[in-house]
Structures are given as structure tokens and as C-alpha cells.
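# Structure assessment
Listed here are the chains, written in short residue letters.
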Amino acid sequence: MRANIRDMQDIGAPYAPPSVSNRNLSRRQFFLSATMFTGILLMPQQALARTKSGRIDSLIKAMTLEEKAGQLTIMPAAFASAPATAANPAAVAGTVEEQAQQIRDGQLGAVFNGFNLEWHRKMQKVAMEESRLRIPMVFAGDVIHGFRTIFPVPLAEAASFDLDLAERTARAAAQEAASAGLAWNFAPMIDIARDQRWGRGTEGAGEDVLLGSRIAAARVRGFQGNGDLNRHDAMMATLKHFVAYGAAEAGLDYSSVDLSRRALEDVYFPPFRAGLNAGAGTVMAAFNEISGIPAHGNSWLMRDILRRQWGFEGLIVSDYTGDAELIDHGFADGPREAARIAFLAGVDMSMTSGLYREHLPDLVRSGEVPEARVDEAVRRVLELKEKLGLFDDPYNRLNGPAIAANSPAFRPLAREAAQKSAVLLKNDNALLPLSKDRRIALIGPSVESQEDQNGSWILFGTPKDTTPLSDVMRRTLADPTLLTVARGCDTNAAIDGGIETALSAAKDADVIVLVIGESERMAGESKSRTTITIPQPQRDLAAALAATGKPIVVILKAARALVLDDTVAKADAILLGWFLGTEQSQATCDLLFGDASPSGRLPISFPRTDGQQPFHYARKASGRPVIPANPDQEYRARYLDTLHTAAFPFGHGLTYGNIVYGPAQVGNGNLPWNGQLEASVSIINKGTRPAREVVQLYIRDRVASVTQPIRRLIDFQAVNLGAGEECTVRFIIRRDQLLFSGVDYDMVVEPGAFDLWLAPNAEAGEAVSIQLAAQ
Ligand code: BGC
């Protein structure tokens, strides 16, 4: 027995039930709809009905084809900071005066990654006073994890398992960015990432569908100011990258993706549905192809799934030169055809390539593109501007003053976010927290530096706003002379005498704090790695320090999961310190010395070896699952040279408390078809310090018409427990949390037995059985 359920919790139901099913599109239809336009793909009636004021209709009527193509064009701002320019391949965007002229001529509807209020104001003035139709510009930007005040890289922040925090940091980022004139954010990035070789996992929320979906929604709410988009401090959010960008073959950025429809439905679509349900106004196409059809030319994805099935009415923007890249994909034989394919497949606005501006007017005149499709896309751009309040007040984010550079306003939030994002992987003999009167040797390539704190995608902030860890630690200790400091080596290279200096710094120390891992340039766009280990020079440094026999605290710098070699893995304590932003050093010291307690949990699995990639906890059993009690048994899904489990599993993270779980309680275990079941667990903090524990609810559908993961997170709750305190954590389970995409891709749930865990991570706990009753 099965049911189609539309009110999916968290992972989001389509908000307009599909009227047309395209499940059975033949390959031929698929190809046709991807490469050729047919009028029936348009929804002009629907679009017209959406327009509240007649303003947009009148404008569209008055616009020339060239002006329409201009509105469908977004370009990198001529006035951009060096990091913004360096974040993408070089593009010929024109000088400031050339861009002003394009605005005057109605040839440019938007620019992105400009950062200067004054310049934005000037460009808006040109649009409002010197262009024929006085259509306001919209200024966009990549505000990924903070504008000037930098918050932890998004992956790190996901480790907080704190949705309210994710919303608050997004809100703060939007407030700062909007004060500089930015109204449209190319964030959140919500790609599920299960291959740690891929460098862009740092921008998302990790491997899990539920966590990723909840965080996606929280960030959208934060950026968009809870939907009140015309307020001066709200930004329109963009869900990116549609879709499955994180599934790149071999973890190689931009590489092809070949995925089943089921993987799309169960893993890669849900965060997008959640983001749309939270009100996200725009979606960005992904650079990758999916099973042979590049996302920028994929009419099935954009028109059939996003628009028809999910009812999305907002704008779809290309990713940078993604439309032009159809040529390199081998999908279009030149720029004109690339523009036609991308536009007809559903990309409304072209970023950077200029192809729409250049070719759409002619494509319409030649009859290859209907003008109605152009009007549909222009309407979406104008609606975006209208929603942002730009028609009513084009200067609503430009009245200043811009929130001052290095403003203290959001520092406490940045510190809180950094504290909550670090993950304590290991703490043997309760080495942490350290007492402030111990002699400490602080060693590592970045310990005296302001670099390697912010992480990637910082276009508007600066390392100058951070403080070196050595400075903060010196002033945190009871006496500054308790600290000795050495670099030891560079991130990727030994330095002359580096190890000797480190050993001598460690000679009289009680504890070594060793900060090693990746530099911030080792993760991000185009930063794939084949090995996900700590670079050798740093491992040599770790080995030399381990030989001293002194207790070692490793602070791991990374924006992906790493494989830790024996020396590092044997350190007494390991704190995953990521790239935590402006307040990284302060928060790190807060945690090291016990002024704050670690509470982060891994949003990605740490594998045992590189070769396990892609690795994540929600795997399928296979027909020959490995026997945990006998992992060496032959003819089982096992490796010869390692266990196929995590070194540190998804959800893992220690606290300074000592949390002990009781058995999960599920009453009689019966979940009525239309009812609910309470599952609860008693946890007690047997330690001497308070702790925030994230209790995780996992299930496994024992028998289903489509095989299900060995575990799947369906809920989590954080509770604070004082020393010695005990509490019962209760979850309500309903059948809509057990949904999966069925044989024909409708969301279904089937009666029968489920395993359930209430556990501190994805590999812990004892399963109890529950039963979903038949209808
Ligand atoms: C990235 C996008 C980003 C765009 C604009 C691209 O390279 O993939 O995520 O929004 O550049 O900077």
C-alpha cells in the first residue's frame, strides 16, 4: 500500500502540484525540448496573472528587443574588488564609463560583485535619469558567508546543527551587503556534496539531505529577511547550482555528472525544494552536465521539473559563462546557438558572456526564438526588481551610510558562530580544555598570520579584520610568557630549520597546540584534490613533535573532510577548526581554554582513506553487506585494506561534558498510518562541565519497493545539559518523515518495519524496531 504525500516535512513539497507529468518524456522529446523551442513550453498567462501592477506590462510593451535583451544581461561590475575579480576567470566587462553607457543605452540590467556604495549610486542615477525607460539596476553579489564581517565557511556553520544561527548569520550578511547597495545574493549554495575531493563542498552544508534542506531554508529566510524583500536590508536569495553540481565525476570540479533520476529526487532535489518553499526568488543553473545534457541546456530540469512540477515562477540565471560553455561541452556549435539553446531551455538571464545581449534580438527577428519567451524572461527580471522595491525606490539600499568597514556590530555573532561550528573530534584523557596557566607551544604554518581564517569566497571582507591566533592566545593566557610560537613549515613546503625551531619552541612546554591542515586556498571553486590528506611537510612536523612525547592538541584547518595519518590521528585531542571567519582566533581560544564548549557535529563523514571517496553514511546495504562483527569475511562489500566505515562519522562531535545515552524508547513501536509515534531517549551528562548535545534520529526502512539507505537522518534536536543533569529528549514521528521516491518517482511510504536509532552520530547506537501500520 502506498500514498502520495505532498506535505513533506523539511525536504519540501513542490509548492504547486504538477499538472503535467514529464516522467515519461522520451529521449527524443527530451532532446527536442532541450534544444528546440515549442510554444507550449511558455506560460504567458500565468506570468501575466502574477503581475500586480500594470507597470511591468507597460514597460514590456514599450521596450525594444535590444532593451529587453539588455535586461536579460548581468555583467561583472567594472568597479569590483581584486578578490571579486579573482574569484572567476577573467572576463571583459568594460570600464566604469563603458558600463555607464551600456546602462544609458538599456543594454545592461544588472551587475554583480561591485562593492562600493558610491559607485552603485552613480550607476543607479544613470539608469534612473539617463536611460530611456528608467528601469532601475539591480546590484548582485556572492555574499556566501558574510560581507565584511566573515562568518564560518558554510560547511563549518552547518556543523552547528543550529538553524537559528544559520538564519541569523545570513541576516547579518544581508544587512551589511545591502547597506553597500547589493540587493540580490548568489547564495545559498545548497549542493549536497558526498565526495570530499570536490573543493566546493565548503560552500554548502555537507552530505546529508535533511540537514542540507533545513539549512537551505534557514539561509534563504535570513537573506530575504523573512520574505519582506522590499525592505532596505533584504536580499533576494539564489539557490545554486541547479543541479547535482556536487556529484562531479571523481570529485573534479565542473566535470560531468551521470546520475539516476532517483538520486536526483532523493538527494539533490530536496534542498532546492526546501529553499523554494522558504521563498527563494531565483535559481542558478549548474556548470555540469547531467547524463549528457548540460544543466544550462536542460529543458527537462528547468521547464519540466522546476517550473511545471514545482511551480517555480522566479528567475533562472546562468552561472557565469555557463551559457557560452555549452560550446565547450560539445552541445552548441557556436555562441549564437549556445544563446538560443540556453534561453529556450529555460535560462532567463545570461551572466558575463553577453550572449543574450548579442544574439537574442536577431534570434527573435529570424523566428528562432519567439518574442513571447523573451517577454516571459524580461517579466521575471522586472518582477525581481519590483519585489526588491526598486521601482518604488531605486535608492532603497543606496541611501547610506554603508555599515562601516570592520564594524563591531556583528562581531559577537561571528564569535558565537565560530564557537558553535568547531567540532571536537577527539579529547583523550580530557586534555581539553586547557588551563590558562600552562606553558603552551603554538606551532603551525598559519599561527602568526591573519590569513587562513576566512576561507574561500571572501570577495568583500579582508584578512586584515582577523587577528593571528598567537596574539589572542598570548593575551588569553595568565601570563604572556607562557606561550612559545613557531611556524614549523609552510602549508605545502618545509622551511629551513623549521622543525628544529618548532622542537625548541616545544622544549619547555607542557602542551603543544599544533595547527595544521589545508590553507584556505586548497578548497573552493576549481580546488579539487585527488588526495585529501594533510600535506606531507606538515605531517613531518607532526611526527617530529609527536616524538617529544608531550601532549598534543591538533587544531585541524580544513574545509572538507580529511584523511588523518596515524600521527595526527594519535594526537590526544583534535579540534576541527575549519575556517571560522573574522572571530576565528578568539573563538578558538574560547574553546581551547574552556570559556566556551565545543558543540559542533560533523556534517560530512571523515573517511579512513582517500580511496573511499565518494563516501557518506547514508549508503545502501548491497546484497552482500559486510558483517560488522567479521569485517574480513570474503565475498562481502568490503575493502582488503580498510574498513568501509568512517574514521569519524557524520554527526560525530564531542563536548566537554560526558554524555551517556540510555536505550531508545518507542512505546509499543506502532506508528499508525494517520497518527504519530513518540520516540525518546534519556541522556545524562556524567561530566563536570555543561554540554550542548545534538541528539540525532535515524531510520532504516527494512523492506521497501526501492532499496533504502542503511541509515537516514530524519530529525535532530539540540539540548543543553548542566553537569550531572539528565533529560529525556522526545521526537514525534509521522509517516511523512519516512517518504522516499517510489518506483515511478512519486513520493511514497510503505507500511512495515523500520529500524530507529536515537544516537550521537550516524554509526552509533542500538537500533530499535518500529512498525508503520497499514492504512
Ligand atoms: C560560481 C557561482 C558564482 C558565480 C559568480 C561562478 O564561478 O560557480 O557560484 O555565483 O561565479 O561569481
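These numbers were taken from a predicted model, which means no experiment stands behind them.

### What to know about the site of the ligand
Contacts to the ligand come from 14 residues, most closely from Asn88, Asp142, Arg200, His241 and Asp319. In the model, an oxygen atom of the ligand is placed 2.5 Å from a nitrogen or oxygen of the Asp142 side chain. In the model, an oxygen atom of the ligand is placed 2.8 Å from a nitrogen or oxygen of the Glu525 side chain. Expressed as a share of its isolated accessible area of 310 Å², the protein-covered part of the ligand is 100%. Here the residues of the shell around the ligand are counted per class, giving six nonpolar, three polar and five charged.

### Topic: the pattern of salt bridges
Counted under the stated rule, the structure contains 53 salt bridges. Ionic pairing is found between Glu583 and Arg411, a salt bridge with its closest N-O pair at 2.8 Å. Here Glu583, found in the loop between strand 16 (573-576) and helix 23 (584-592), pairs with Arg411, found in helix 18 (residues 411-421); they are 172 residues apart in sequence, far enough to count as distant. We note that Glu583, like Arg411, is buried. Residue Asp510 pairs with Arg439 through a salt bridge whose shortest N-O separation is 2.9 Å. With Asp510 in the loop between helix 20 (498-506) and strand 14 (511-517) and Arg439 in the loop between strand 11 (423-427) and strand 12 (440-443), this pair connects stretches of sequence that are 71 residues apart. Exposure remark for Arg439: the relative accessible area of 40% places this residue in the partly exposed category. The network of salt bridges with shared partners includes Arg303, Arg307, Asp348, Arg373, Glu376 and Arg380.

### A word on the packing of aromatic side chains
One pass over the structure, following the stated rule, counts 19 aromatic pairs. Relative to Phe269, the ring of Phe242 has its centre 6.0 Å away and its plane inclined at 20°; by these criteria the two rings are stacked. With Phe242 in strand 5 (residues 238-242) and Phe269 in the loop between helix 11 (261-268) and helix 12 (270-277), this residue pair connects regions lying 27 residues apart in the sequence. Take Phe242 and Phe269: they sit in the same class, and that class is buried. Pairwise contacts between aromatic rings join Phe161, Tyr617, Phe650, Tyr698 and Phe716 into one cluster. The side chain of Arg261 reaches across the aromatic face of Tyr745, ending 4.8 Å from its centre.

### Overview of the pairing of strand 14
A large share of strand 14 lies buried, amounting to seven of its seven residues. The side-chain alternation of strand 14 yields two buried faces, one formed by Val511, Val513, Val515 and Gly517 and the other by Ile512, Leu514 and Ile516. In this structure, strand 12 lies alongside strand 14, joined through four bridges in parallel fashion. In the strand pairing of strand 14, Leu442 is matched with Val513. Of the pairings in the sheet, the one linking strand 14 to strand 15 (residues 552-557) comprises six bridges and is parallel in character. Residue pairing in the sheet places Gly517 in a bridge with Lys557 of strand 15. Between strand 14 and its parallel partner strand 15, the chain crosses via helix 21 (residues 536-546), and the hand of that crossover is right-handed.

### Structural notes on the side chain of Asp319
The topology assignment puts Asp319 in the loop between strand 9 (315-317) and helix 14 (326-329). The buried charged residue Asp319 lacks any salt bridge partner; its closest oppositely charged side chain belongs to Arg200, at an N-O distance of 4.6 Å. Non-local contacts of Asp319, meaning those with residues more than four positions away in its chain, are made with His241, Met284, Ala285, Phe287, His296 and Met351.

### A word on unusual backbone geometry
Backbone phi values are negative for most residues with the exception of glycine, while trans is the configuration of most peptide bonds. With an omega dihedral of 5°, the bond running from Lys240 to His241 counts as a cis peptide bond. Within the secondary structure, His241 is located in strand 5. A cis amide bond links Gln613 with the next residue in sequence, Pro614, at an omega value of -5°. Looking at where Pro614 falls in the secondary structure, it is placed in the loop between helix 23 and strand 17 (659-661). Backbone geometry places Arg134, a non-glycine residue, at a positive phi of 55°. On the secondary structure map, Arg134 appears in the loop between helix 7 (117-130) and strand 3 (138-141). Overall, Arg134 belongs to the partly exposed group, its relative accessible area being 39%. The phi dihedral of Phe161 falls on the positive side, at around 45°, and the residue is not glycine. Locating Phe161 in the fold gives a position in the loop between helix 8 (154-158) and helix 9 (163-179). On the basis of relative accessible area, Phe161 is assigned to the buried category, the value being 3%.

### Details of the nonpolar core
Ile74, Trp184, Phe242 and Val243 are the most contacted members of the largest nonpolar core, which has 129 residues in total. Residue contributions to this core peak at seven residues, all from helix 15 (residues 335-345). Val423, Val511, Ala571 and Ala587 belong to the second largest nonpolar core, which has 72 residues in total.

### Section: the sheet that holds strand 21 (residues 712-721)
The pairing of strands in a sheet happens through backbone hydrogen bonds and is either parallel or antiparallel. Strand order in the open sheet made by the five strands is 18-26-25-20-21, with mixed pairing throughout. Looking at which strands have only one partner, the edges of the open sheet turn out to be strand 18 (670-671) and strand 21. Sheet analysis places strand 18 next to strand 26 (residues 768-772), joined by two bridges and oriented parallel. Bridged to Leu671 within strand 26 is Leu772.

### Some details on the sheet that holds strand 14
Read across the open sheet, the six strands follow the order 11-16-15-14-12-13; overall the sheet is mixed. Only two strands of the sheet have a single partner each, and these edge strands are strand 11 and strand 13 (483-486). With strand direction ignored, the average angle separating the axes of adjacent strands in the sheet is 15°. Across the sheet, helix 19 (residues 469-476) is in contact with strand 12, strand 13 and strand 14; its angle to strand 13 comes to roughly 170°.

### Points about the pairing of strand 20 (residues 691-701)
Strand 20 sits mainly inside the fold: eleven of its eleven residues count as buried. Alternating residues of strand 20 divide into Ala691, Glu693, Val695, Leu697, Ile699 and Asp701 and Arg692, Val694, Gln696, Tyr698 and Arg700, and every residue in both groups is buried. Relative to strand 21, strand 20 runs antiparallel, the two being bridged by nine bridges. Its bridge partner lying in strand 21, Val694 is registered against Ala718.

### Remarks on helix 15
Where burial is concerned, most of helix 15 is hidden: eight out of the eleven residues are buried. Taken residue by residue, helix 15 has Ala338, Ala339, Arg340, Ile341, Ala342, Phe343, Leu344 and Ala345 as its buried positions. Following helix 15 by one or two positions, Gly346 has its phi on the positive side, about 135°.

### Some details on the packing of helix 3 (residues 55-62) against helix 17 (residues 371-387)
In contact at an axis separation of 10 Å, helix 3 and helix 17 are set at 135° when each is read in the N-to-C sense. Put simply, helix 3 runs oblique to helix 17. Where helix 3 crosses over helix 17, the two elements pack in a sense that is right-handed. Residues Arg55, Ile56, Asp57, Leu59 and Ile60 of helix 3 lie in contact with helix 17, whose contacting residues are Asp375, Val378, Arg379, Leu382, Glu383 and Glu386. Each residue belonging to the contact of helix 3 with helix 17 can be placed in one class, and the counts come to five nonpolar, no polar and six charged.

Thresholds applied
Residues numbered from 1 in each chain as written. Predicted model: local features only at pLDDT ≥ 70, side-chain atom pairs only at ≥ 80, totals over all residues. Heavy atoms only, no water. Near = heavy atom within 4 Å. Polar contact = N/O pair within 3.5 Å; in protein donor to acceptor, adjacent residues only side chain to side chain. Areas by Shrake-Rupley, 256 points an atom, 1.4 Å probe, with all protein chains shown as cover. Nonpolar A, V, L, I, M, F, W, Y, C, P; charged D, E, K, R; others polar. Salt bridge = Lys/Arg side-chain N within 4 Å of Asp/Glu carboxyl O. Helix = DSSP H or I, 4+ residues; strand = E, 2+ residues; numbered from the N terminus. Buried < 20%, exposed > 50% of the residue type's maximum accessible area, 1.4 Å probe, protein only. Phe/Tyr/Trp six-rings, centres within 6.5 Å; stacked < 30°, edge-to-face > 60°. Lys NZ or Arg CZ within 6 Å of the ring centre and 35° of its normal. Pairing = 2+ DSSP bridges. Right-handed = clockwise from strand over helix to strand, strands pointing away. Lys, Arg positive; Asp, Glu negative; His and termini not counted. Contact = heavy atoms within 4.5 Å. Core = buried A, V, L, I, M, F, W, Y, C linked by side-chain atoms within 4.5 Å. Axes fitted to C-alpha atoms, helices over the stretch in contact; angles between N-to-C directions. Parallel < 35°, antiparallel > 145°, perpendicular 65-115°, else oblique. Left-handed = near helix turned anticlockwise from the far one by under 90°.

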